[in-house]
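Structural overview for review
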Amino acid sequence: MTAQTPTPASTPASEADAAGAGSAADALLSVRDLHTHFPIRTGVLQRVTGWVRAVDGVSFDIAQGHTLGLVGESGCGKTTVGRTILKLIPATSGKVVFEGADVLRTSGERLRRLRRDMQIIFQDPAGSLNPRMRIATIVGEPLLVHKLIDSKDQLRHEVENLLERCGMPRTAADRYPHEFSGGQRQRIGIARALALQPKFIVCDEPTSALDVSIQAQIINLLTDLQKEFGLSYLFISHSMAVIQHVCRDIAVMYKGKIVEHGPREQIIENPRHPYTQSLLSAVPETDPRRKKERVVFAGGAM
């Protein structure tokens, strides 16, 4: 089987976004009552004395070509949600359905096929790239693992096309990660995520480690790729400013739970939960003459 550069989907992302997240029946990804708990071990014998409820009953749907923004403070469980969905972290309970397949109860070859359609862009562009590998190997490795390449020439061609589509020169294929800036390394990570022509990508704070000017470039790239290929995103961020710019649908997470979920306009203009109000009040004003009242969330209220 020969790999091809991703082909544009028939339905533009803008149209899918306008339709909203969709119901569970037509969702590309459906998450129901997801729990991920980690044991607390103490003493010499490392007995389990408690549990950290990192994800505590999360539910949402994402439709084809749509972006759900998952926002909350560091440690609230956002990244754990993304990694549990991809089965990189074992779930305690709940259900994750992708195109009719129960991801959490899938294994072997069927899970391997699912992984082609579900990818991730990591938060740290430096830590997610093997410093001992050339970029050609990093980007091309998924194609080799899934046996989608017929020859070395074909592999090189696909890698160069992916790099070029993500704003990198073809010559980058022969270099190592340390030779690039943070923004360039993140573009390489995006190229790797695109290699298998996925339908769904977890964007795990893809801009948080980058300068503000570079953040805008990466967001624009992700938006362009979504429109071109009809991708669906779970966009994870601690910044409400980034989330409201990128996402039509927003879920606010606090202490392992989604405390508010709805269309962007509803969340931004009429936030109901005190934690959402606090996050919005922390977004800087572009006009220095305008003053915004800071809302301080004391915690505890769900």
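To start, this report covers the structure provided alongside it. (Residues numbered from 1 in each chain as written. Predicted model: local features only at pLDDT ≥ 70, side-chain atom pairs only at ≥ 80, totals over all residues. Heavy atoms only, no water.)

The next point concerns the sheet that holds strand S9 (residues 249–254). If you trace the 6 strands from one edge of the open sheet to the other, you get S6-S7-S8-S3-S9-S10, paired in mixed fashion. Across the chains shown, the open sheet's two edge strands, defined by having one partner strand only, are strand S6 (118–121) and strand S10 (257–263). Recorded for the sheet is a direction-independent mean angle of 15° between the axes of neighbouring strands. The sheet contact formed by strand S3 (residues 67–71) and strand S8 (residues 232–237) spans 5 bridges and is parallel. Of the residues in S8, the one forming a bridge with leucine 70 is isoleucine 236. Contacts between helix H3 (residues 108–117) and the sheet are confined to S6 and strand S7 (200–204), with S6 contributing the most and set at about 50° to the helix. (Pairing = 2+ DSSP bridges. Helix = DSSP H or I, 4+ residues; strand = E, 2+ residues; numbered from the N terminus. Axes fitted to C-alpha atoms, helices over the stretch in contact; angles between N-to-C directions. Contact = heavy atoms within 4.5 Å.)

Spatially, S2-S1-S4-S5 is the arrangement adopted by the 4 strands of the open sheet, whose pairing is antiparallel. Of all strands in the sheet, those with a lone pairing partner are strand S2 (47–62) and strand S5 (101–102), marking the two edges. With 5 bridges connecting them, strand S1 (residues 29–42) and strand S4 (residues 93–98) associate as antiparallel partners. By the bridge assignment, valine 31 is partnered in S4 with valine 96. With respect to the sheet, helix H2 (residues 78–85) is in contact with S1, S2 and S4, its orientation differing from that of S1 by roughly 115°.

Our next topic: the packing of aromatic side chains. The description of an aromatic ring pair uses the distance of the two centres, along with the angle that the planes make with each other. Going through the model one piece at a time under the given rule, you end up with 2 aromatic pairs. Aromatic pair phenylalanine 98 and phenylalanine 200: ring centres 6.4 Å apart, planes at 50°, arrangement tilted. Of this pair, phenylalanine 98 sits in strand S4 while phenylalanine 200 sits in strand S7, placing them 102 residues apart in sequence. Both residues of the pair, phenylalanine 98 and phenylalanine 200, count as buried. Considering the side-chain rings of tyrosine 254 and tyrosine 275, the 4.8 Å spacing of their centres and the 40° angle between planes classify their relative orientation as tilted. (Phe/Tyr/Trp six-rings, centres within 6.5 Å; stacked < 30°, edge-to-face > 60°. Buried < 20%, exposed > 50% of the residue type's maximum accessible area, 1.4 Å probe, protein only.)

Another point: the pairing of S10. In this sheet, S10 lies alongside S9 in antiparallel orientation, the contact comprising 6 bridges. Within S10, the residue paired with isoleucine 250 across the bridge is glycine 262.

Here we take up the pairing of S3. The two faces of a sheet get side chains in turn, since along a regular strand they alternate between them. Where burial is concerned, most of S3 is hidden: 5 out of the 5 residues are buried. Burial of S3 is two-sided: the residues Thr67, Gly69 and Val71 facing one way and the residues Leu68 and Leu70 facing the other way are all buried. Inspection of the sheet shows S3 paired to S9 by 4 bridges, in the parallel sense. Bridge assignment links valine 71 to a residue of S9, and that residue is valine 252.

Phi is positive for aspartate 33, close to 50°, though the residue is something other than glycine. You can see aspartate 33 is positioned in strand S1. Positive phi, close to 50°, is recorded for lysine 255, a residue that is not glycine. Looking at the element boundaries, lysine 255 is found in the loop between S9 and S10.

Across all of its chains, the model carries 13 salt bridges by this definition. For arginine 156, the salt bridge is made with glutamate 160, and the minimal N-O distance between the two is 2.7 Å. With a gap of 4 residues between them, arginine 156 and glutamate 160 both fall in helix H5 (residues 152–165), about one helical turn apart. The class for arginine 156 is partly exposed, based on a relative accessible area of 30%. Within the structure, one salt-bridge network assembled from shared partners comprises Arg156, Glu160, Glu164, Arg170 and Asp174. (Salt bridge = Lys/Arg side-chain N within 4 Å of Asp/Glu carboxyl O.)

Right, let's get into the environment of serine 74. Within the secondary structure layout, serine 74 lies in the loop between S3 and H2. Between the C-alpha atom of serine 74 and that of histidine 238, which follows or precedes it by 164 residues, the distance is 6.6 Å.

Among the secondary structure elements, aspartate 61 is positioned in strand S2. Classification of aspartate 61 by relative accessible area gives buried; the value is 11%. Of note is the side chain of aspartate 61, whose polar atom sits 2.8 Å from the side chain of serine 30. In this structure the side chain of aspartate 61 is engaged in a polar contact, spanning 2.9 Å, whose partner is the side chain of arginine 32. (Polar contact = N/O pair within 3.5 Å; in protein donor to acceptor, adjacent residues only side chain to side chain.)

Now for H2. Burial analysis of H2 places 6 of its 8 residues in the buried class, the great majority of the element. Restricting attention to buried positions, one finds in H2 the residues Lys78, Thr80, Val81, Gly82, Thr84 and Ile85.

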